[in-house]
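A closer look at the structure
The lines below spell out each chain.
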Amino acid sequence: QASPDVVKLTHQLIGAIDALDAHTRLPLVDMTLPALRSMSTDQYRTFVTCFQALAAADEQLGFFEWILHHILLRHLKPQFERVRPARVVYYGLQRLGEPCSVLFSSLARVGHTDAQAVVAFAAAKEVLDDVPLQLLDSNDCNLAHLQNALEQLAQVAIKQKERLINGAAACIAADQEVSVREAE
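Below: a short report on this structure.

**Thoughts on unusual backbone geometry**
Of note, the phi angle at Gln176 is positive, near 65 degrees, even though the residue is not glycine. Mapped onto the fold, Gln176 is located in the loop between helix 8 (158–172) and helix 9 (180–183).

Here it is, written out as structure tokens:
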């Protein structure tokens, strides 16, 4: 349970972030990374604790909070903690139809109407034509499912990760536009 001060601060921060142009959020995060990397280990631990408390204060994990968490972990954790590289378990994507479907369905649904999602998903499916993909319902594209899918897909060989990125790019750009949420 977060303290009233943490909840109040969270609401103030959310208000300030909401007031920003959505296009500035990720560049601002990128701008903070060098300063965050210069923290001491103790400051890093305090920062992580505070970040987790702020994210949990409203008892909801929003999409941007989830993205921010992953960006910060990816860039800061190796600086302050021993991080093992993901072990390659999969050298092909053929057995990973389910996590690939979650990833591409999530991308298709985030930036498109239902009709556009079908087209966007088809663009990804064309790139990964040897993978059994199925467009999932919006309910199956939540953050928990996406997190599980990404953890599994992190275990694929680098050549296959390139294919995943190309599929994601095709899905996002299927309508010739990239929304802020798609970019995030």
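**A few points about helix 6 (residues 114–127)**
Here helix 6 spans 20 Å end to end across 14 residues, near enough to the 20 Å set by a 1.5 Å rise per residue. Taken together, the buried positions of helix 6 are Ala117, Ala120, Phe121, Ala123 and Ala124. For helix 6, the angular spread of the buried residues around the axis is 150 degrees, confining them to a single face. Residues of helix 6 that are exposed and angled more than 90 degrees away from the buried face: Ala115, Val119 and Glu126.

**What about the environment of Tyr91?**
By the element assignment, Tyr91 lies in the loop between helix 4 (63–80) and helix 5 (97–110). Under the relative-accessibility criterion, Tyr91 is labelled exposed at 63%. It is 21 Å that separates the C-alpha atoms of Tyr91 and Gln134, two residues lying 43 residues apart in sequence. Each residue touching Tyr91, except ones within four places of it in the same chain, is listed here: Ala157 and Gln160.

Criteria and cut-off values
- Residues numbered from 1 in each chain as written.
- Predicted model: local features only at pLDDT ≥ 70, side-chain atom pairs only at ≥ 80, totals over all residues.
- Heavy atoms only, no water.
- Helix = DSSP H or I, 4+ residues; strand = E, 2+ residues; numbered from the N terminus.
- Expected span 1.5 Å × (residues − 1).
- Buried < 20%, exposed > 50% of the residue type's maximum accessible area, 1.4 Å probe, protein only.
- Arc of directions from axis to C-beta.
- Contact = heavy atoms within 4.5 Å.

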